[in-house]
Each structure stands twice: as structure tokens, then as C-alpha cells.
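Examining the three-dimensional arrangement
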Amino acid sequence: MKKIIITGNDKLSNLIYIFEDIMKRVNVKYEIEEESSLVTINVLDNGETTYYAIANVDHELKDINLDIPLCRFITLGFNKKSSVTISSLGGDLDTSKTLIYCIQREIDEDDTIIEPQEFPVFIKSSWGHDIYNIMSAVTAVMLIDRSISDNLNSM
């Protein structure tokens, strides 16, 4: 089982909506738990439990207790030290737009590695304007099914 904990984002209900909208293209069973400032996604499979924490490091991380063993920590934000960022954003904020999602550093994923890469993500207007929630949702889905990158430009 994979446990993906997402923290440091505002409007968690919007983050969950985006995640579930993308997950419609992935045939994986999961459960979502929401606490005050955390979303935990439990991917239901028969594998060993692997923990991931996705944190928006552009926002202040308030006293969040991530009391989990051997967690793989993934940072996202608009800075060169984040594991995940956006390299460009095209389109009009009031209409549809596309962003270039960028993994800047390797992400250990079970026995494999997600290599640094960039790919376009079409942003639905129903997702809203919170780029951090979009980055978090895409990152979580990439941890579940990295081939989703082939579908994100055509949603």
C-alpha cells in the first residue's frame, strides 16, 4: 500500500477534487482521509506500505506532525530547490491554460526512480487557479501511475 500525505496547501477540498478528476483515468482503488491541514491518500494494493509526504515549501509548514517511518519527502514550489515545480504557464487565467510540470530531482518510487522530466498538463477551468493544488494532485497521481503523464495534456 502507498500512503501519500499532502500538506502545506490551502483549499484541501479543491486539491481532492483535482486529484479525483485525474484519477478517473487510472484504474486504482484508493481512499482519502482529510484532517485539518493534511490529506492522506491510501492506495489499496497488496504491496508493502510505502510512505510519501508532498509538501508545499513556498508556504509555511505549521506544526504538522508527520510521525511516519521511512517517509519519502517530496517538496514542491516555485524555487530551484523544490523537487517539483512549474517551468512555464501558458494561457489566460480566466480560460483554459496549460502548464509545464517539472520534476527537477529524482524521486525514489518503490524499487524504481522517477527521473527528472517535464510534460504539459492541461488545466481544466473547474480545477480553479491554485497552481499548488494542481502540482500536488499531479505529483500524487504520478506516484500512483507515472504513465499518467501521457494523458494530462488531453484532459
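Quick look at the structure, then. (Residues numbered from 1 in each chain as written. Predicted model: local features only at pLDDT ≥ 70, side-chain atom pairs only at ≥ 80, totals over all residues. Heavy atoms only, no water.)

1. Examining the overall build of the protein chain
- Across its full length, the protein chain holds two helices and 10 strands.
- Ordered by position in the sequence, the α and β elements of the protein chain form the string β-α-β-β-β-β-β-β-β-β-β-α.
- In the protein chain, which comprises 155 residues, the share counted as buried stands at 46%.
- A separation of at least 24 residues holds for 58% of the contacts in the protein chain among residues at least 6 apart in sequence.
- About 8100 Å² of surface is accessible on the protein chain, with carbon and sulfur atoms providing 45% of the total. (Helix = DSSP H or I, 4+ residues; strand = E, 2+ residues; numbered from the N terminus. Buried < 20%, exposed > 50% of the residue type's maximum accessible area, 1.4 Å probe, protein only. Contact = heavy atoms within 4.5 Å. Areas by Shrake-Rupley, 256 points an atom, 1.4 Å probe, with all protein chains shown as cover.)

2. Brief notes about helix 1 (residues 12–23)
- The end-to-end C-alpha distance of helix 1, which contains 12 residues, comes to 16 Å, matching closely the 16 Å that a straight helix rising 1.5 Å per residue would cover.
- Extensive coverage of helix 1 is indicated by the burial of nine of its 12 residues.
- What helix 1 keeps buried is the set Leu12, Asn14, Leu15, Ile16, Ile18, Phe19, Asp21, Ile22 and Met23.
- Contacts from the buried residues of helix 1 go to strand 1 (2–7), strand 2 (30–34), strand 3 (38–43) and helix 2 (131–144). (Expected span 1.5 Å × (residues − 1).)

3. Topic: the nonpolar core
- Ranked by size, the top nonpolar core spans 42 residues in total, and within it Ile4, Ile22, Ile41, Tyr101 and Val138 carry the most contacts.
- With 11 residues, the single largest contributor to this core is helix 2.
- Each residue touching Val138, except ones within four places of it in the same chain, is listed here: Ile22, Tyr101, Phe119, Val121 and Leu152. (Core = buried A, V, L, I, M, F, W, Y, C linked by side-chain atoms within 4.5 Å.)

4. Remarks on the packing of helix 1 against helix 2
- Where helix 1 meets helix 2, the axes come as close as 9 Å, and the angle between the chain directions of the two elements is 40 degrees. By the angle class used here, helix 1 and helix 2 are oblique. As for the relative orientation of helix 1 and helix 2, their crossing is right-handed in sense. Residues Asn14, Leu15, Ile18, Phe19, Ile22 and Met23 of helix 1 form the contact with helix 2, whose participating residues are Asn133, Ile134, Ser136, Ala137, Val138, Ala140, Val141 and Ile144.
- In terms of residue class, the contact of helix 1 with helix 2 is made up of 11 nonpolar, three polar and no charged. (Axes fitted to C-alpha atoms, helices over the stretch in contact; angles between N-to-C directions. Parallel < 35°, antiparallel > 145°, perpendicular 65-115°, else oblique. Left-handed = near helix turned anticlockwise from the far one by under 90°. Nonpolar A, V, L, I, M, F, W, Y, C, P; charged D, E, K, R; others polar.)

5. A look at the packing of aromatic side chains
- Enumeration according to the criterion identifies three aromatic pairs in this entry.
- Taking 5.4 Å as the distance between ring centres and 75 degrees as the angle between the ring planes, the aromatic pair formed by Phe78 and Tyr132 counts as edge-to-face. Residue Phe78 is found in the loop between strand 5 (71–76) and strand 6 (84–91), and its partner Tyr132 is found in helix 2; the two are separated by 54 residues along the sequence.
- Measuring from ring centre to ring centre gives 4.9 Å for Tyr101 and Phe119, while their planes differ by 35 degrees; the resulting arrangement is tilted. With a gap of 18 residues between them, Tyr101 in strand 7 (residues 97–103) and Phe119 in strand 10 (residues 117–123) connect regions that are remote in the sequence. (Phe/Tyr/Trp six-rings, centres within 6.5 Å; stacked < 30°, edge-to-face > 60°.)

6. Describing the environment of Ile22
- Looking at the secondary structure, you find Ile22 in helix 1.
- Given the relative accessible area of 0%, Ile22 is considered buried.
- Taking the C-alpha atoms as reference, Ile22 lies 8.3 Å from Met155; in sequence the two are 133 residues apart.
- The residues contacting Ile22, other than those within four sequence positions of it, are Trp127, Ala137, Val138, Val141, Ile148, Leu152 and Met155.

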